[in-house]
Amino acid sequence: MTELVESLLRGLGTGSVYALLALGFVIVYKATRVISFAQPAFMLAGAVLVTYLAGPLGFWVAVPVAAVLTAGLALGVERVAVRPMVGRPAFVVAIITLGVDVAVRVVVNGFIGLDVRHVGDPWGLRTVTIPGTGIDLQQRHLAALLATTVLIGGMFAFFRYTRMGLAMRAAAYDQEAALAMGVSVGAVFALSWGLAGGLAAVAGTFAAAGASVDAALWLIALTALPVIILGGLDSLPGAVVGGLAVGTIQELTATYQQHAPWLGGNVSVITPYVLMLLVLLVRPYGLFGTREVERV
Amino acid sequence: MNTTGRRTRLRGRPDLHTSYAQELTLFDTRAKRVAVAGLLVVALALPFLLTDEVLQLLAVCCVAAIGAIGLGLVTGYAGQVSLGHAFFLAVGAYTAAVISGDPDGRVIGFGITNIAVWLPAAGLLAGLAGVLVAPLATRLRGLYLAIVTLGLVFIGQHVFSEWSALTGGAGVGRPAATLEFFGQPIAATGPLGTRDQKLYWLMLLLLLGFALAAANLARSKVGRAFTAIRDRDIAAGVIGVNLARYKTIAFAVSSAYAGCAGALLYTITGFFDPSSFSLLLSVQYIAMVLIGGAGTISGAIAGAFFITLLPRFTRELQAWVPFLSAQPNEVPNVFQVETILYGVLLIVFLIFEPRGLFGIWVRVRNYWKAWPFSY
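Residues numbered from 1 in each chain as written. Chains lettered and ligands numbered in written order. Predicted model: local features only at pLDDT ≥ 70, side-chain atom pairs only at ≥ 80, totals over all residues.

Going by the annotation in an unreviewed UniProt entry, the name recorded for chain B is Branched-chain amino acid ABC transporter permease, with Plantactinospora endophytica given as the source organism. Recorded in UniProt for chain B, the comment headed Subcellular location (unreviewed entry) runs: "Cell membrane". (UniProt positions renumbered as here; feature names shortened; annotations may be inferred.)

The name an unreviewed UniProt entry assigns to chain A is Branched-chain amino acid ABC transporter permease, from the organism Plantactinospora endophytica. Annotation of chain A in UniProt includes, under Subcellular location (unreviewed entry), the sentence "Cell membrane". We quote the UniProt Sequence similarities (unreviewed entry) comment for chain A here in full: "Belongs to the binding-protein-dependent transport system permease family. LivHM subfamily."

K.L.:
Help me understand the overall build of chain B, please; the structure alone is not making it clear to me.
P.N.:
A tally of regular secondary structure across chain B gives 15 helices and 4 strands. Relative to the compact-globule value of 21 Å for 375 residues, chain B shows a C-alpha radius of gyration of 22 Å, a close match. Referenced to the eigenvectors of the C-alpha coordinate spread, the extents of chain B come out at roughly 65 × 50 × 45 Å. For chain B, the residues scored as buried account for 47% of the 375 residues in total. For chain B, contacts bridging at least 24 residues in sequence account for 71% of all contacts bridging at least 6. (Helix = DSSP H or I, 4+ residues; strand = E, 2+ residues; numbered from the N terminus. Rg over C-alpha atoms; globule rule 2.2 N^0.38 Å. Buried ≥ 20, exposed ≤ 12 C-beta atoms within 10 Å, placed from the backbone. Contact = placed C-beta atoms within 7 Å.)

K.L.:
Which parts of the structure should I look at to understand the packing of helix 12 (residues 279-292) of chain B against helix 14 (residues 334-352) of chain B?
P.N.:
Between two packed helices, what matters for the description is the angle formed by their axes and the separation of those axes. Residue and element names in this part refer to chain B. One can describe the packing of helix 12 onto helix 14 by two numbers: an axis separation of 10 Å at closest approach and a directional angle of 30°. For the element pair helix 12 / helix 14, the angle class is roughly parallel. Pair helix 12 / helix 14 crosses with left-handed handedness. Between helix 12 and helix 14, the contacting residues are Val283, Gln284, Ala287, Leu290 and Ile291 on the first element and Tyr342, Leu345, Leu346, Phe349 and Leu350 on the second. Grouping the constituent residues of the contact of helix 12 with helix 14 by class yields 9 nonpolar, 1 polar and no charged. (Axes fitted to C-alpha atoms, helices over the stretch in contact; angles between N-to-C directions. Parallel < 35°, antiparallel > 145°, perpendicular 65-115°, else oblique. Left-handed = near helix turned anticlockwise from the far one by under 90°. Nonpolar A, V, L, I, M, F, W, Y, C, P; charged D, E, K, R; others polar.)

K.L.:
Just checking my understanding: could you explain helix 3 (residues 52-77) of chain B for this structure?
P.N.:
Note on helix geometry: an α-helix contains 3.6 residues per turn, so any two residues three or four positions apart are oriented the same way. Residue and element names in this part refer to chain B. For helix 3, with 26 residues, the first-to-last C-alpha span of 35 Å sits near the 38 Å given by 1.5 Å per residue. Along helix 3, the helix axis deviates most sharply at Leu71, where the bend reaches about 30°. At the C-terminal side of helix 3, Gly79 shows a positive phi close to 70°. (Expected span 1.5 Å × (residues − 1). Bend = angle between axes of the 7 residues up to and from the residue.)

In structure tokens form, the structure reads like this:
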């Protein structure tokens, strides 16, 4: 029982990282109708920036600064590589972001170098015990869960109560109508990329907390792709629910995979993809996605 | 009106077609026929002009071109974005390696080393894998499909690196298929030429066969159905194209091409391990198709040669740019430049010349066609 609850809690911790990443994907998709394959690169860039800034600034200052810097990087990428492609087929733009990802990641990997780099988080692998139950919970997972809750709350409030949030919702609903109503769709594009970059940087930091930043970190960001497919490409709640679900199922698989040795070690790495295939066979638009209606 | 074709053509009027058969001819103008024949003669004569090292690289280019043509059929012609090409390459490579492998060896092998057996088998099995994936492809569109095929690469990589009886395991690998044709070893220096010369000729001839087959498929009923689906799938469905059927055919043919390419690719280096079939390999093939020119066979071939020769060029670059290092553990090194170039070239081509190398060629041709006038 303890084992089950502990792996569930671990799953919520990793799941909240996925939720943050998936939120970035969905925000970009809603605004521009494009899946940004550049998210892994932004996540890695954010985590590496934190490793450099945590020394002089301290962890708590380094994370927001890195998030802002990564958002700036994302803005630049959007302006240079994505904006000229407005109106072109979505898959062409997606391939462009794939190109951005490959190129940016090489540069960022250059900054990782051969040293072991830590984000300098205050938690490490320490645990807290929930009183009365004997259940251990890693502090970093608790922190990730809390940070995600705060960020997601802020994000939903932003979309719900601010003028810019309203503009973004309008642009997501119908770009031309929003443009006619005086919404600067260009600004919406830019802001959505910036938000996605910032979220990716925070997610990267929590993904690397308690471990070190290395080039393989980007694979975690790719796990957010099955998450958004699972939740539905254009659903923000779907991204959160999908992220937590994928994280939990992944950790449960990791805990219990010794009972099925024929699956091979590390089968938990591919469970998100298997889960995605299964869900898509039943629901082609994910759990919460809007069904595409084709009018001729 | 004579419907037999060429003889009724007017000289100097390449766009004037007087019969449907003329429109469908593969090499419709004399200039095209002469150019293709000339190119072929040069390509066949290259082994007498170049060193073995370069020939080996060109052989790899030819094999990559077969794979790129396959991806071009499904992505360029039928418009279904597949990031899963690396998976089908892997299926083909392992099928061929298992069939021709040493039965007493460390990994599974059946000891049938004849290329006439393992090459079709590799194509067939990879094609079957394509058919198995196709139900997902017929249900999904656009970016959903791209992500699902990306998932396929990860699942495949896991299976291949865990199934060490088949693949030798991650980081160890297994020998590739043996090149032998009814008792005649192909990849061995003999009276006909050195190993690399013979490899190059073999791969060139295979590429020629596969390219012609693809070009013929593209101009058939099936090919027209592919383009109809790419241009507007709903409209295609309305005019009577069976979407599920033709998407399945597209995936099957494309995967079969990938399987053959995968089977041949590693016979050149002789050894391969499961980590080769990563997402980067898929991205490289996407880059070949898009940089070469989506929706053309010659474009896919040009793109494959371009992308495969790129590492060679970046290595030459080192002589010109002094701060680049050839050591993988120093920064910046040529390997980083190479990977960045994949990404940057993709972006630059998609923004500035979406029709790829083929589009550049069309522009050059049109310029000279109207010279000295601008149009």
